[in-house]
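# Descriptive analysis of the structure
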Amino acid sequence: MTDEVALRKRIYVIAGETPSQKNGQSFNRRTKTMFKSEQFRKWFERAYPELLHQGVPQKPYEFARVEIVFRHDTLRTRDGDNQLSTVQDLLKKAGVIADDCWTRIGTPTVRHDVAKFAECVIKVTEIAPIDWAKRLKEIKNR
């Protein structure tokens, strides 16, 4: 996304370690559905209102650039790509972004750091719409 134009920007800070929503899932044999771990559910119940309290756009960003810094307070091994999915789903549910598809947010930038307290810092920048169909057509006509 080299020719993007930045429009609006928001920065969110979610306290605590971001869990993986995929690790620790359980399968309900009766309903034949997966359900999230207790750790994830507790985190989401706390993180969702925390993010809303920091303010969300009146209308979700249709196209955005997302930058995330996971700050860890221990050196325990973590599944970074599943943490990313957790944050993307939180942003979508809260109405910050319209969709977490690659054509809408590209590939989010993710960094990890160490700090006294675990937290997740999320920077979301709305960008001008990208006409992917036009780009694909130009590439195929070369």
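Notes on the structure in this doc start here. (Residues numbered from 1 in each chain as written. Predicted model: local features only at pLDDT ≥ 70, side-chain atom pairs only at ≥ 80, totals over all residues. Heavy atoms only, no water.)

### Observations regarding the packing of aromatic side chains
Here a ring pair, both rings aromatic, is described through the centre-centre distance and the interplanar angle of the planes. Evaluation of the coordinates by the stated rule reveals five aromatic pairs. On the basis of an interplanar angle of 15 degrees and a centroid distance of 5.9 Å, the ring pair of Phe44 and Tyr48 is categorised as stacked. Here the residue Phe44 and the residue Tyr48 both occupy positions in helix H1 (residues 38-53), the gap between them amounting to four residues, near one helical turn. When its relative accessible area of 17% is taken as the criterion, Phe44 is described as buried. Since its relative accessible area comes to 24%, Tyr48 is described here as partly exposed. The interplanar angle of 65 degrees and the centroid separation of 5.1 Å between the aromatic rings of Trp102 and Trp132 together place this pair among those described as edge-to-face. Separated by 30 residues along the polypeptide, Trp102 in helix H3 (residues 102-105) and Trp132 in helix H4 (residues 132-140) bring together distant segments of the chain. In this structure Trp102 comes out as exposed when scored by relative accessible area, which is 53%. Residue classification places Trp132 among the partly exposed positions, given a relative accessible area of 25%. Joined through ring pairs, the aromatic side chains of Phe40, Trp43, Phe44 and Tyr48 make up one cluster. Directly above the aromatic system of Tyr48 lies the positively charged group of Lys93, at a separation of 5.6 Å from the ring centroid. (Phe/Tyr/Trp six-rings, centres within 6.5 Å; stacked < 30°, edge-to-face > 60°. Helix = DSSP H or I, 4+ residues; strand = E, 2+ residues; numbered from the N terminus. Buried < 20%, exposed > 50% of the residue type's maximum accessible area, 1.4 Å probe, protein only. Lys NZ or Arg CZ within 6 Å of the ring centre and 35° of its normal.)

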